[in-house]
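# Structural features, examined
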Amino acid sequence: MGLSGLGIFHTVIGVASIAGALVGFIRYGKISLKELSGRIYFYGTLITSVTALGISKHGGFNAGHAFSVFIILLIAVAYFLFSKKESSKRARYFENFLLSFSFFLSLVPTVNETFTRVPVGHPLAKDITDPIIGKTLLFLFILFIAGSVYQYFRQKKVNKETSVYLEG
């Protein structure tokens, strides 16, 4: 597999981040920064994205590095909305979307790297142009869209219930 020490650290933290996101989606229907799973996702993703900047198979700044910078930007804005716009119901929609979008984007290099490395000696894909990678990413994109729609309507319901509770 040929991972450096930084690559191993990056992978371990990345797996923990994915686990945190999945727990959040299952338990809360979203990545919630109020919950431990959401904080694991946030900080793990931040560390994973920063460490990705020090990893390069091809030398120099590449698409994977651009993904990392963009993911850092997405989670930073989501954190700002969470911490500084607590009372804004509209901010929750954007916070949910940004965290989910950052998760989807982090899966792109994850799928590419995993499928071209595992199983060792006979990987699922020869390179990133292999159809299995494209089909997997399409499936994940459809899940992301469906999940975003679900989160929108769930947040709308939460916002409405909060308004009724505050008025009553």
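Now for a look at the structure at hand. Values in this document were obtained by computation on a predicted structure and should not be read as measured data.

In terms of regular secondary structure, the protein is built from 5 helices and 0 strands. Along the protein, helices (α) and strands (β) appear in the sequence α-α-α-α-α when read from the amino end. Seen along its three principal axes, the alpha-carbon backbone of the protein occupies a region of about 65 × 30 × 25 Å. Relative to its full complement of 168 residues, the protein shows a buried share of 35%. Partitioning the contacts of the protein with sequence separation of at least 6, the portion at a separation of at least 24 is 60%. Summed over all atoms, the accessible surface of the protein reaches about 10,300 Å², with 71% contributed by carbon and sulfur. Distance between charge centres in the protein, computed from 17 positive and 8 negative side chains, equals 3 Å.

Moving on, we get to the pattern of salt bridges. Counting across every chain of the model gives 2 salt bridges. A salt bridge links Arg 117 to Glu 113; its shortest N-O distance comes to 2.9 Å.

Between helix α3 (residues 63–84) and helix α4 (residues 89–115), the least distance of the axes is 9 Å, while the angle of their chain directions is 160 degrees. By the angle between their directions, the pair α3 and α4 is classed as roughly antiparallel. As α3 runs across α4, the sense of the crossing is left-handed. Taking contact as the criterion, the partners of Phe 67, Phe 70, Ile 71, Leu 74, Ile 75, Val 77, Ala 78, Leu 81 and Phe 82 in α3 are, on α4, Ala 91, Arg 92, Phe 94, Glu 95, Leu 98, Leu 99, Phe 101, Ser 102, Leu 105, Ser 106, Val 108 and Pro 109. For the contact of α3 with α4, the class distribution of residues is 17 nonpolar, 2 polar and 2 charged.

Within the fold, Ser 100 resides in helix α4. Residue contacts for Ser 100: discarding those within four places in its chain leaves Phe 25, Phe 144 and Gln 151.

Relative to the helices and strands, Ser 102 resides in helix α4. Apart from the residues lying within four places of it in its own chain, the contact partners of Ser 102 are Tyr 41, Ile 71, Leu 74 and Ile 75.

All chains considered together, the criterion is met by 14 aromatic pairs. Ring centres 5.4 Å apart and planes at 20 degrees place the aromatic pair Phe 104 and Phe 144 in the stacked group. Of this pair, Phe 104 sits in helix α4 while Phe 144 sits in helix α5 (residues 131–167), and the two are 40 residues apart along the sequence. Judged on exposure class, the residue Phe 104 and its partner Phe 144 are both buried. What links up through ring pairs into an aromatic cluster is the set Phe 70, Phe 97, Phe 101, Phe 104, Phe 141 and Phe 144.

This next bit is on the packing of helix α1 (residues 5–28) against α4. Contact geometry for α1 and α4: axes closest at 11 Å, N-to-C directions at 135 degrees. Between α1 and α4, the angle is such that the two are oblique. α4 is crossed by α1, and the crossing has left-handed handedness. When α1 is examined against α4, the residues Ile 18, Ala 21, Leu 22 and Phe 25 are found in contact with a partner set consisting of Ser 100, Phe 103, Leu 107 and Thr 110. In the contact of α1 with α4, the residues fall into 6 nonpolar, 2 polar and no charged.

The rules we used
- Residues numbered from 1 in each chain as written.
- Predicted model: local features only at pLDDT ≥ 70, side-chain atom pairs only at ≥ 80, totals over all residues.
- Heavy atoms only, no water.
- Helix = DSSP H or I, 4+ residues; strand = E, 2+ residues; numbered from the N terminus.
- Buried < 20%, exposed > 50% of the residue type's maximum accessible area, 1.4 Å probe, protein only.
- Contact = heavy atoms within 4.5 Å.
- Areas by Shrake-Rupley, 256 points an atom, 1.4 Å probe, with all protein chains shown as cover.
- Lys, Arg positive; Asp, Glu negative; His and termini not counted.
- Charge placed at Lys NZ, Arg CZ, Asp CG, Glu CD.
- Salt bridge = Lys/Arg side-chain N within 4 Å of Asp/Glu carboxyl O.
- Axes fitted to C-alpha atoms, helices over the stretch in contact; angles between N-to-C directions.
- Parallel < 35°, antiparallel > 145°, perpendicular 65-115°, else oblique.
- Left-handed = near helix turned anticlockwise from the far one by under 90°.
- Nonpolar A, V, L, I, M, F, W, Y, C, P; charged D, E, K, R; others polar.
- Phe/Tyr/Trp six-rings, centres within 6.5 Å; stacked < 30°, edge-to-face > 60°.

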